[in-house]
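Fold and contact review
Each chain, written out:
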Amino acid sequence: MTVNFPPGFLWGAATAAYQIEGAAQQDGRTPSIWDTFSHTPGKVLGGDTGDVATDHYHRRAEDVRLMADLGLGAYRFSVSWPRVQPGGRGPACQAGLDFYRALVDDLLAHGIRPVLTLYHWDLPQELESAGGWPERGTAHRFADYAHLVAEALGDRVELWTTLNEPWCSAFLGYGSGVHAPGRTDDVAALRAAHHLNLAHGLGAQALRAALPSRAAVSVTLNPGAVRALTDSPPDLDARRRVDALATRIFTGPMLHGEYPADLIADTAGITDWSFVHGGDAAAVHHPLDSLGVNYYAPFLVSGQAPGAAGPPAGEPSPWPGAGGVTFHRPPGKRTAMDWSVDPTGLYDLLTRFAREAPGLPLMVTENGAAYDDKPDGEGAVHDPERIAYLHAHLDAVHRAIGDGVDVCGYFLWSLLDNFEWSYGYGKRFGAVYVDYATQVRTPKSSARWYERVARTGQLPPF
Ligand code: GBH
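Criteria and cut-off values
Residues numbered from 1 in each chain as written. Predicted model: local features only at pLDDT ≥ 70, side-chain atom pairs only at ≥ 80, totals over all residues. Heavy atoms only, no water. Phe/Tyr/Trp six-rings, centres within 6.5 Å; stacked < 30°, edge-to-face > 60°. Helix = DSSP H or I, 4+ residues; strand = E, 2+ residues; numbered from the N terminus. Buried < 20%, exposed > 50% of the residue type's maximum accessible area, 1.4 Å probe, protein only. Lys NZ or Arg CZ within 6 Å of the ring centre and 35° of its normal. Axes fitted to C-alpha atoms, helices over the stretch in contact; angles between N-to-C directions. Left-handed = near helix turned anticlockwise from the far one by under 90°. Contact = heavy atoms within 4.5 Å. Nonpolar A, V, L, I, M, F, W, Y, C, P; charged D, E, K, R; others polar. Pairing = 2+ DSSP bridges. UniProt positions renumbered as here; feature names shortened; annotations may be inferred. Near = heavy atom within 4 Å. Polar contact = N/O pair within 3.5 Å; in protein donor to acceptor, adjacent residues only side chain to side chain. Areas by Shrake-Rupley, 256 points an atom, 1.4 Å probe, with all protein chains shown as cover. pLDDT = per-residue confidence, 0-100.

Attention now goes to the packing of aromatic side chains. Taken as a whole and assessed by the stated rule, the structure comprises 36 aromatic pairs. With centroids separated by 4.6 Å and ring planes inclined at 40 degrees, the aromatic side chains of Trp 121 and Trp 421 adopt a geometry described as tilted. Highlighted residues: Trp 121 in the loop between β4 (113–119) and α6 (125–129) and Trp 421 in the loop between β12 (407–413) and β13 (432–435), separated in sequence by 300 residues. With 5.4 Å between their ring centres and 90 degrees between their planes, Phe 299 and Trp 319 make a pair best called edge-to-face. Remark: Trp 319 occurs in the loop between β9 (299–302) and β10 (326–328) and Phe 299 occurs in strand β9; sequence separation between them is 20 residues. Judged by its relative accessible area of 27%, Phe 299 is partly exposed. A relative accessible area of 9% means that Trp 319 is categorised as buried. Its guanidinium or amino end placed over the ring of Tyr 57, Arg 83 lies 4.1 Å from that ring's centre, counting from NZ or CZ. We note Arg 399 situated over the ring of Tyr 347; from NZ or CZ to the ring centre the distance is 4.1 Å.

The structure is reproduced here in structure tokens:
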């Protein structure tokens, strides 16, 4: 049976500025929290930094030609805030804007739709030094930045995304501290989550005001596909708590105009949420043109019976208010990240949002896997596991579409091997292999497989 996707379905690949651009100190760019973090010993594996990354800042034209060669219809990239507005406030940096304008022009010249994300985790360090996302002012700075980029690129970019995965920014950045800025403070993490919601709302309003009416405004989340270990009440309660902290803390205000009552109750011992001002919920609840869903792997959780001893206190965690929850290693195949391979999680999320937000188109803005790719004697890179991963997940997307879910596109993470945050360059997610010593790009066999899918709109038999 051939698996056909609807006509007009967007086939793309995704990247993020800090992971690929390099040129960290060029043309007026100031440091972001990821420059500071990666240059702090012990924070990133191998001491890797994004100083050079895949040198995309200098190889932009070549990379766009590569996308065209791979038959991509769309490219999802992020703008580096400190490159276009050094220090995070005040006037634009023209050289920074010129880079993105040239990128967008190259894409359009090759018939590739630019999908622009304003914030993929690289907060200007100056704003972190002033308090970062736990401070309300950062949301207002973000809205100013959104306005500035919309003024510069609004004539040629039609798909706009405010934030990428605010969960990671809030809870890995300020809760567990494994991402920049590396703080470990539950209250700060919850405040950050709210101010990211607010930044999304104010940013979306700023975009609407500056963009032509045909432009679409979206946000990308990494909603949790959470499974309970058993059907026991404590396990189901653990699932509810993790779902609130992973997903509903964002979809509550963004899609429904309020924070979930159970989330407020679960976190009552940590904060009274007085940082949520009257009017914030309405600001966050801005009508969206689509919702971006990033998916890699599910969570498997269990709770504890009433009266059981709690987990050791004091361990930094990205799950404030979910102290009694245990995270398990799901059975089955895994990737080089040690994440399990479970396409049903993607199907479950897509059908859930179709029920929860009827009429809101969904877009899979990231999906992919890391494997230990190595060139063979001829320099070719064969990655059959990645092809199997992509095939299975695209099949899940197709199944959701068949069940009536409006999914309008799919973006493979990632176009290129790149700086995988706290794992550095050791983890390769690319469809294209990068030899970091020479910056030579070699499409892996998965890239050629994906090219066929993108060009035909069809999954080949497996
Ligand atoms: C995305 O983050 C990012 O948007 C992208 O920049 C990144 O390169 C890509 O994915 C690959 O990592 O941490 O073991 O509990 C995804 C981050 C991955 C965070 C899954 C939560 C849950 C499994 N998410 N993770 S675990």
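As a further point, take the packing of helix α10 (residues 233–256) against helix α13 (residues 344–356). Any two packed helices are characterised by how steeply their axes cross, that is the angle between the axes, and by the distance between the axes. The geometry of α10 relative to α13 is characterised by a closest axis approach of 13 Å and an angle of 35 degrees between their N-to-C directions. Taken as a pair, α10 and α13 cross one another with a handedness that is right-handed. The residues of α13 that touch α10, namely those facing Asp 243, Thr 247, Arg 248, Thr 251, Leu 255 and His 256, are Arg 352, Phe 353 and Glu 356. Looking at the contact of α10 with α13 residue by residue, the classes come out as two nonpolar, three polar and four charged.

Sheet strands pair by backbone hydrogen bonding; their relative direction is either parallel or antiparallel. Here we have three strands laid out as an open sheet, ordered β7-β9-β10, and mixed in their pairing. Looking at which strands have only one partner, the edges of the open sheet turn out to be β7 (226–228) and β10. Neighbour-to-neighbour, the strand axes of this sheet turn through a mean angle of 40 degrees, independent of strand direction. Two strands pair when backbone bridges link them, and β9 and β10 are joined in this way by three bridges, in the antiparallel orientation. Bridge pairing in β10 links Ser 302 to Thr 326. Each of β7, β9 and β10 touches α10; the most contacted strand, β7, lies at about 165 degrees to it.

Our focus in this paragraph is the UniProt feature "active site" (unreviewed entry) in the protein. With numbering matched to this structure, UniProt assigns "active site" (unreviewed entry) to Glu 165 and Glu 366. Of the residues just listed, which span 202 residues, no C-alpha pair is farther apart than 10.4 Å, and they cluster in one region. Mapped onto the elements of the fold, Glu 165 is located in the loop between β5 (159–164) and α8 (166–172). Not counting chain neighbours up to four residues away, the residues in contact with Glu 165 comprise Trp 121, Thr 220, Leu 221, Asn 222, Asn 294, Tyr 296 and Glu 366. Mapping Glu 366 onto the fold places it in strand β11 (residues 362–367). If we skip the residues at most four places from it in the chain, Glu 366 touches Ala 14, Arg 76, His 120, Asn 164, Glu 165, Val 293, Asn 294, Tyr 295, Tyr 296, Phe 411 and Trp 413.

On to the sheet that holds strand β3 (residues 74–78). Taken in spatial order, the eight strands of this closed barrel run β2-β3-β4-β5-β6-β8-β11-β12, and their pairing is parallel. The sheet shows a mean angle of 25 degrees between the axes of neighbouring strands, taken without regard to direction. Along the sheet face, α13 touches β8 (290–294), β11 and β12 and points at about 155 degrees away from the line of β11.

This paragraph deals with the site of the ligand. Every one of the 14 residues lining the ligand counts as a neighbour, but Gln 19, His 120, Glu 165, Glu 420 and Trp 421 are closest to it. The separation between an oxygen atom of the ligand and a polar side-chain atom of Tyr 296 is 3.2 Å. Trp 339 places a side-chain nitrogen or oxygen 3.5 Å from an oxygen atom of the ligand. When isolated, the ligand has an accessible area of 580 Å², and the protein chains bury 77% of it. Grouping the amino acids of the shell around the ligand by side-chain chemistry returns eight nonpolar, three polar and three charged.

Mapped onto this numbering, the UniProt entry gives "binding site: substrate" (unreviewed entry) at Gln 19, His 120, Asn 164, Tyr 296, Trp 413, Glu 420 and Trp 421. Mapped onto the secondary structure, Gln 19 falls in helix α1 (residues 17–20). Residue class for Gln 19 comes out buried when judged on its relative accessible area of 0%. Taking the relative accessible area as the measure of exposure, Trp 413 reaches 4% and is therefore buried.

What follows deals with the side chain of Ser 218. Residue position: Ser 218 is located in strand β6 (residues 216–221). At a separation of 2.9 Å, a polar atom in the side chain of Ser 218 contacts the main-chain carbonyl oxygen of Ser 290. Contacts of Ser 218, omitting those with residues within four sequence positions, involve Trp 160, Thr 161, Thr 162, His 200, Leu 288, Ser 290, Leu 291 and Gly 292.

Next up on the list: the confidence of the model for the protein. Looking at the protein, the pLDDT average stands at 97 and 99% of residues meet or exceed 70. Here the complex is predicted with pTM 0.98, and the ipTM for its interfaces comes to 0.93.

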